[in-house]
Amino acid sequence: MTGTEPIDVGAVLRALRRQADLSQRELAERSGVPKSTLARIESGRGAEPGFATVERLVRAAGGALTIGVSGRPGLGQVPAMPDDERRDEAGRRYPPHLDLREVRKLTDWPGAWWAHWYTLPRERWPLRVPAVTYDLDRRRRDERRWRERVRQQVRLRRVTGELPEGSWRLLAELPDGAPVGELRAHERSTDLLLGENLGDRRELILDGVVVTPELRLLGIGRRLIGLLTEEMDRAGIHTVRAVAEFEEIRFLAACGFTESASRPAALRLDRTGAHPRAS
């Protein structure tokens, strides 16, 4: 931003409100500035606001005003404000702190509770489905934003030096080291399995992929599988096998697994209710 470009104070306040998850009413109460004044500033109507008014609003929203040399990097950085130009049917901006998201199918819209299993054909929908939606529940907004932060921050690594030979462990962690996902596997010798000399060929058996329940459907499990394939390429291992059921099958299929013609036999020894027999 150069010294000749005007600052869009309204856009700055909307971005700060979104970051702080505050409505206009809540920010007005925190700052002591009338809600009508805040609304005029954000809409760009009326005279330019006074410096003291803007400072009170910015500080109440968790921001800070910085005065410095024009063109100096790092000054005046404001988080990006997505969908700031989107309007509702009445031409009004949507509340910026509510996080808009597009409605592409019925499951995207909380108002579609009337669609049993979301299988009703469009001609039988009792309500018109909006183009965008948002959560009025702050707890759900906080959870959604937390999940998005985790998705962006999570890092993957393979654990080495702490496991028995032939054991594989891959971790998904947050920057502070907190684990949010894990993949475990182990090697087995194809030579011993088939009783042939194949040049010490090995394959992997997938023991499991687990992700913190609150963070499922963020792609963490798929990323762990992706790291597994990269590590397999480095190790010269070309095959990984898994035994799965129900949702696990769909997950692995989405990660590129295919059903094998040969399957391990499912054997069971059940000793429940067994009684010693006289010899």
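Residues numbered from 1 in each chain as written. Predicted model: local features only at pLDDT ≥ 70, side-chain atom pairs only at ≥ 80, totals over all residues. Heavy atoms only, no water.

Caption draft 1: Structural detail: the nonpolar core. Trp168, Leu183, Leu206, Ile220 and Leu228 are the most contacted members of the largest nonpolar core, which has 24 residues in total. Broken down by secondary-structure element, the contributors of at least two residues to this core are strand 4 (167–173), strand 5 (179–189), strand 6 (202–211) and helix 7 (220–235). At six residues, helix 7 tops the list of elements feeding residues into this core. Residues in contact with Ile220, not counting those within four places in the same chain, are Ala172, Val180, Val211 and Leu215. Grouped together as the second largest cluster of nonpolar side chains are 13 residues, Val9, Leu13, Leu22 and Leu38 included. (Core = buried A, V, L, I, M, F, W, Y, C linked by side-chain atoms within 4.5 Å. Buried < 20%, exposed > 50% of the residue type's maximum accessible area, 1.4 Å probe, protein only. Helix = DSSP H or I, 4+ residues; strand = E, 2+ residues; numbered from the N terminus. Contact = heavy atoms within 4.5 Å.)

Caption draft 2: View of unusual backbone geometry. For Leu217, which is not glycine, the phi dihedral falls at a positive 70 degrees. The topology assignment puts Leu217 in the loop between strand 6 and helix 7. Here the phi dihedral of Phe246 falls at roughly 55 degrees; this positive angle occurs in a residue that is not glycine. For Phe246, the position within the fold is in the loop between strand 7 (240–241) and helix 8 (247–254). With a relative accessible area of 64%, Phe246 lands in the exposed category.

Caption draft 3: Looking closely at the environment of Asp142. Here Asp142 lies in helix 5 (residues 138–153). C-alpha separation for the pair Asp142 and Asp21, spaced 121 residues apart in sequence, amounts to 8.5 Å.

Caption draft 4: Structural context of the pattern of salt bridges. Evaluated as defined, the whole model comprises 27 salt bridges. Salt-bridge contacts for Arg59 lead to Glu55; the nearest nitrogen and oxygen are separated by 3.2 Å. With Arg59 and Glu55 both in helix 4 (residues 51–60) and four residues apart, the pair spans about one turn of that helix. Looking at Glu55, the relative accessible area reads 25%, which means it is partly exposed. Here Arg144 makes a salt bridge to Asp135, at a shortest N to O gap of 3.0 Å. Given the relative accessible area of 34%, Arg144 is considered partly exposed. For Asp135, a relative accessible area of 3% gives the class buried. (Salt bridge = Lys/Arg side-chain N within 4 Å of Asp/Glu carboxyl O.)

Caption draft 5: Structural view of the environment of Arg155. With respect to the secondary-structure elements, Arg155 resides in strand 3 (residues 155–158). Expressed as a C-alpha distance, the spacing of Arg155 and Pro175, which sit 20 residues apart in the sequence, is 7.2 Å. Not counting residues within four places of it along the chain, the set of residues in contact with Arg155 comprises Leu171, Ala172 and Glu173. Here the side chain of Arg155 touches Gln152 through a polar contact of 3.1 Å, landing on its backbone oxygen. (Polar contact = N/O pair within 3.5 Å; in protein donor to acceptor, adjacent residues only side chain to side chain.)

Caption draft 6: Looking closely at the sheet that holds strand 6. If you trace the five strands from one edge of the open sheet to the other, you get 3-4-5-6-7, paired in mixed fashion. Edge positions in the open sheet fall to strand 3 and strand 7, since each of these has one partner strand only. In this sheet, strand 7 lies alongside strand 6 in parallel orientation, the contact comprising two bridges. Across the sheet, Ile205 pairs through a bridge with Arg241, a residue of strand 7. (Pairing = 2+ DSSP bridges.)

Caption draft 7: Helix 5, seen in detail. Here helix 5 contains 16 residues, and its C-alpha end-to-end distance of 22 Å stays within 8% of the 22 Å for a straight helix at 1.5 Å per residue. Along helix 5, the residues that are buried comprise Arg141, Arg145, Arg147 and Val150. Check the buried side of helix 5 and you find it contacts helix 1 (9–20). Taking the backbone nitrogen of Arg139 as reference, a side-chain oxygen 2.8 Å away marks Asp137 as the first, capping residue of helix 5. (Expected span 1.5 Å × (residues − 1).)

Caption draft 8: Expanded view of the packing of helix 2 (residues 24–31) against helix 4. Two numbers describe how helix 2 lies on helix 4: the axes approach to 9 Å, and their chain directions differ by 110 degrees. Taken as axis vectors, helix 2 and helix 4 run roughly perpendicular relative to one another. Relative to helix 4, helix 2 is oriented so that their crossing is right-handed. Between helix 2 and helix 4, the residues in contact are Leu27, Arg30 and Ser31 and Arg56, Leu57 and Ala60, respectively. (Axes fitted to C-alpha atoms, helices over the stretch in contact; angles between N-to-C directions. Parallel < 35°, antiparallel > 145°, perpendicular 65-115°, else oblique. Left-handed = near helix turned anticlockwise from the far one by under 90°.)

Caption draft 9: Region of interest: the pairing of strand 5. As paired strands, strand 4 and strand 5 are joined by seven bridges and run antiparallel to one another. Looking across to strand 5, one finds that Leu170 is bridged to Leu183. By the bridge criterion, nine bridges tie strand 5 to strand 6 in an arrangement that is antiparallel. The residue of strand 6 that forms the bridge with Arg188 is Glu203.

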